[in-house]
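A closer look at the structure
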Amino acid sequence: MKLRSAAPDAALLALSATEVWATRSFGGPVALGFACLGTAALPVRHRFPLAAFAATLPALALGYIWFSPMGALYEIAAGREGRFPAHMRWPASWRVSARAALIGGCALVAAVVNFVPWPFRDPVSWTLSDTILAVMLSALLAVAPTALGLLAASRRELGGRLDELAASRERERALAAEQAVVRERTRLAREMHDTVAHHLSLIAVQSGALEVTAEGPQARAAAGAVRELSRDALDELRRMVGLLRLSVTSGQELAAGPGLAGIPALVAAAGPGTHGELAGVADGQAGDEPPAEVQHAAYRIVQEALTNVRKHAPGARTRVLVRRAGGVLLVEVRNGPGSQAAPTALPSGGHGLAGLRERAVQLGGDFDALPAASGGFLVRATLPVTPATEAA
């Protein structure tokens with residue numbers, strides 16, 4: 001970009017210097033000195049356009065110099081407002097008219113200086129044809145660079161407007177996409193609330209009634225467990241519905257989900273054959289606890305793994321291990337072979353393990369789910385808890 005803008009400047013400077021050399025003997029040493037001054041002012045016309053233009057006027061009046069005043073006049077017409085002195089940056093209410101008056105005044109000054117036969121120049125014939133020719137030449141000197149400068153300024157302004165229009169359209173597309181996401185999330189939240197919540201509420205009510213009317217402690221305990229599980233599921237559902245109803249750009253954050261503190265309850269609800277161990281997770285200081293998102297991922301991994309054990313290997317002995325070792329949190333659920341009872345025929349979408357792997361990868365960790373050598377199944381995840389991983 002700098003090379004592209006330097007080429008016209010170099011060409012104008014070369015033409016002006018050539019013009020000075022070609023007319024060096026026409027006006028004497030005084031005219032030659034002012035001609036050199038006008039050429040020397042061209043490199044600073046971008047930063048000081050009015051000063052450069054004023055420096056070219058004596059050469060225009062005393063000699064036969066055109067390129068340097070035309071270059072300075074072009075810069076005044078095409079230059080940005082910020083290149084003018086601070087006291088000439090007018091308020092927006094009359095900035096356009098004042099700028100037009102400045103450009104027109106400079107063009108008029110150039111035309112008058114070129115037309116008027118100053119005493120230092122050779123006598124000029126005032127015949128009609130000579131006068132008309134002088135007026136035409138003076139008008140050409142003033143109008144041509146001014147028109148080209150205004151054209152360049154208009155093109156630059158048009159380019160800026162086009163960039164603003166493209167950015168505005170991009171913002172509109174992004175906003176439309178966000179609105180579509182919000183509408184879809186709201187629809188999903190409504191469907192989840194109207195269907196799943198209805199069935200879970202019925203399960204909670206029916207299990208509560210069964211707990212009261214059931215005969216025998218085992219039946220009442222089973223009914224109570226079903227009621228508690230359905231109530232927990234309703235709480236989780238309300239949390240998910242609230243998450244879906246949050247606006248994409250609202251900036252609100254949903255409260256953290258279940259963490260490591262909820263894992264013992266998962267282990268207890270899984271039955272007598274399941275044992276858990278939490279080692280090195282926290283040493284009594286809040287600052288040493290894993291981040292909330294890591295705790296939530298660990299909870300979900302244990303929850304899904306225990307659910308799969310109950311579905312595919314009912315009655316299997318299961319060991320849950322959650323241990324912090326250095327900068328990672330190790331989550332491991334290992335189960336042995338299932339009992340002879342047939343697996344529970346529950347519907348499955350096949351997305352459970354895939355979702356757990358996505359959780360681990362998003363946190364920068366690893367996830368494995370593979371058959372164990374003892375004939376059971378092993379689910380293992382390592383979740384980084386270092387500050388660098390949290391920032392990533």
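Here the residue numbering is sequential within each chain, running from 1 through the sequence in written order. Only residues with pLDDT of at least 70 get local features here, since the model is predicted, and only at 80 or more are side-chain atom pairs given and counted; chain-wide, interface and lining totals rely on the full set of residues. The basis for every side-chain value is the complete set of non-hydrogen atoms in the structure, without hydrogens or water.

**Quick notes on the overall build of the protein chain**
Secondary structure follows DSSP: runs of H or I at least 4 residues long count as helices, runs of E at least 2 residues long count as strands, and numbering of each begins at the N terminus. Scanning the protein chain from N- to C-terminus turns up eleven helices and five strands. A separation of at least 24 residues holds for 66% of the contacts in the protein chain among residues at least 6 apart in sequence. Only the protein chains shown count as cover for residues, with accessible areas throughout obtained via the Shrake-Rupley method and a probe of 1.4 Å. Accessible surface, the protein chain as shown: approximately 23,500 Å² in total, 63% of it carbon and sulfur. Should any heavy atoms of two residues lie within 4.5 Å, those residues are considered in contact.

**A word on the sheet that holds strand β5 (residues 377–384)**
Two pairing modes exist for strands in a sheet, parallel and antiparallel, and in both the strands are linked by backbone hydrogen bonds. When DSSP finds two or more bridges between two strands, those strands count as paired. Pairing in this open sheet of five strands is mixed, and the strands run β1-β2-β3-β5-β4 from one edge to the other. Across the chains shown, the open sheet's two edge strands, defined by having one partner strand only, are β1 (274–279) and β4 (366–371). Across this sheet, the average inter-strand angle for adjacent strands is 10°, counted without regard to direction. The pairing of strand β2 (residues 318–325) with strand β3 (residues 328–335) spans eight bridges and is antiparallel. As a rule, the C-alpha atoms of each element are fitted with a line to give its axis, helices using only the stretch in contact, and angles between N-to-C directions run from 0 to 180 degrees.

**What about helix α3 (residues 49–62)?**
One fewer than the residue count of a helix, multiplied by 1.5 Å, yields its expected span. Here α3 spans 21 Å end to end across 14 residues, near enough to the 20 Å set by a 1.5 Å rise per residue. Here's how the labels work: a residue is buried when its accessible area is under 20% of the maximum for its type, exposed when over 50%, partly exposed in between, all with a 1.4 Å probe on protein chains only. Burial runs high along α3: ten of the 14 residues are buried. Every buried residue of α3 is listed here: Pro 49, Ala 52, Phe 53, Ala 55, Thr 56, Leu 57, Ala 59, Leu 60, Ala 61 and Leu 62.

**Comments concerning helix α4 (residues 67–78)**
Along its twelve residues, α4 runs 16 Å from first to last C-alpha, staying within 8% of the 16 Å computed at 1.5 Å per residue. With nine of its twelve residues buried, α4 lies for the most part within the structure. If you check which residues of α4 are buried, you get Ser 68, Pro 69, Gly 71, Ala 72, Leu 73, Glu 75, Ile 76, Ala 77 and Ala 78.

**A few points about the pattern of salt bridges**
Here, a salt bridge means any side-chain nitrogen of Lys or Arg that lies within 4 Å of a carboxyl oxygen of Asp or Glu. Inspection of every chain in the model, using the stated rule, returns six salt bridges. Arg 187 is paired through a salt bridge with Glu 184; the nearest N and O atoms lie 2.6 Å apart. With Arg 187 and Glu 184 both in helix α6 (residues 128–213), this residue pair falls three residues apart, about one helical turn. Across the pair Glu 332 and Arg 380 runs a salt bridge whose closest N-O atoms are separated by 3.3 Å.

**Things to note about the packing of α3 against α4**
Relative orientation of the contacting elements α3 and α4 amounts to 155°, with a least axis distance of 8 Å. Compared by their axis directions, α3 and α4 come out roughly antiparallel. Regarding α3 and α4, the two cross each other, and that crossing is left-handed. Taking contact as the criterion, the partners of Pro 49, Leu 50, Ala 52, Phe 53, Thr 56 and Leu 60 in α3 are, on α4, Ser 68, Pro 69, Ala 72, Leu 73, Glu 75 and Ile 76. A class-by-class count of the residues in the contact of α3 with α4 yields nine nonpolar, two polar and one charged. An angle below 35 degrees is read as roughly parallel, one above 145 as roughly antiparallel, one from 65 to 115 as roughly perpendicular, and any other as oblique. Less than a right angle of anticlockwise turn of the near helix away from the far helix marks a crossing as left-handed, whereas a clockwise turn marks it as right-handed. Polar here means any residue outside two lists: the nonpolar Ala, Val, Leu, Ile, Met, Phe, Trp, Tyr, Cys and Pro, and the charged Asp, Glu, Lys and Arg; Gly therefore counts as polar.

**Some thoughts on the nonpolar core**
Soluble globular proteins: nonpolar side chains tend toward being buried together. Working definition of a nonpolar core: buried Ala, Val, Leu, Ile, Met, Phe, Trp, Tyr and Cys residues. They are joined through side-chain atoms within 4.5 Å. Residues Ile 263, Ile 301, Val 302, Val 320, Val 322, Leu 329 and Leu 383 are the most contacted members of the largest nonpolar core, which totals 25 residues. Of all the secondary structure elements, the ones that give two or more residues to this core are α8 (263–269), α9 (292–312), β2, β3, α10 (352–362) and β5. At eight residues, α9 tops the list of elements feeding residues into this core. Residues Ala 77, Ala 111, Leu 141 and Ala 142 belong to the second largest nonpolar core, which totals 17 residues.

**As for the side chain of Thr 318**
With respect to the helices, strands and loops of the structure, Thr 318 is situated in strand β2. As used in this structure description, the phrase polar contact means that two N or O atoms lie within 3.5 Å; if the pair is within protein, one of them must be able to donate a hydrogen and the other to accept it, and residues adjacent in sequence are counted only when both atoms belong to side chains. A polar atom in the side chain of Thr 318 sits 3.2 Å from the backbone oxygen of Ala 316. When neighbours within four sequence positions are excluded, Thr 318 is seen to be in contact with Gly 273, Thr 274, His 275, Leu 306, Val 309, Val 333, Arg 334 and Asn 335.

**Here we look at the pairing of β2**
In the sheet, β1 pairs with β2 via six bridges, with the strands oriented parallel. Following the sheet pairing, His 275 is matched in β2 by Arg 319. Taken together, β2 and the strand that follows it, β3, pair antiparallel across an intervening segment of two residues, in which Gly 326 is found at a positive phi of about 70°.

**A few points about the packing of aromatic side chains**
Any pair of Phe, Tyr and Trp rings, taking the six-membered ring for Trp, is counted once the centres come within 6.5 Å. Such a pair is stacked with planes under 30 degrees apart, edge-to-face with planes over 60 apart, and tilted for the rest. Using the criterion set out here, one finds zero aromatic pairs in the structure. For a ring to carry a charge above it, either NZ of a lysine or CZ of an arginine must fall within 6 Å of the ring centroid while also lying within 35 degrees of the normal to the ring plane. Positioned above the aromatic ring of Trp 21, the side-chain terminus of Arg 24 is 4.4 Å from the ring centre.

**As for the confidence of the model for the protein chain**
Looking at the protein chain as a whole, the pLDDT averages 79, with 82% of positions reaching at least 70. Low pLDDT (under 50) marks residues 388–392, which in the prediction has four contacts with non-local residues, meaning those over four places away or in another chain. What pLDDT conveys is the predictor's confidence in a given residue, as a value from 0 to 100.

**Some words on the environment of Val 112**
Structurally, Val 112 is set in helix α5 (residues 95–115). Here Val 112 falls in the partly exposed class, since its relative accessible area comes to 39%.

**Points about the environment of Pro 264**
Mapped onto the fold, Pro 264 is located in helix α8. Overall, the relative accessible area of 45% leaves Pro 264 in the partly exposed class. Separated by 13 residues in the primary sequence, Pro 264 and Glu 277 have C-alpha atoms spaced 8.6 Å apart.

**Here's the deal with a nonpolar patch on the surface**
Residues enter a patch when their relative accessible area is above 30% and they make no salt bridge; the linking distance is 9 Å between like charges and 5 Å between nonpolar side chains (Val, Leu, Ile, Met, Phe, Trp, Tyr). Together, Tyr 74, Leu 148 and Leu 151 give the surface a local cluster of nonpolar side chains, amounting to about 280 Å² of exposed area. Considering the arrangement of structural elements, one finds Leu 151 in helix α6.

**Overview of the side chain of Gln 295**
Within the secondary structure, Gln 295 is located in helix α9. Residue Gln 295 is classed as buried on the basis of its relative accessible area, which comes to 14%. Not counting the four nearest positions on each side in its chain, Gln 295 is found in contact with Pro 258, Gly 259, Leu 260, Glu 289 and Pro 290.

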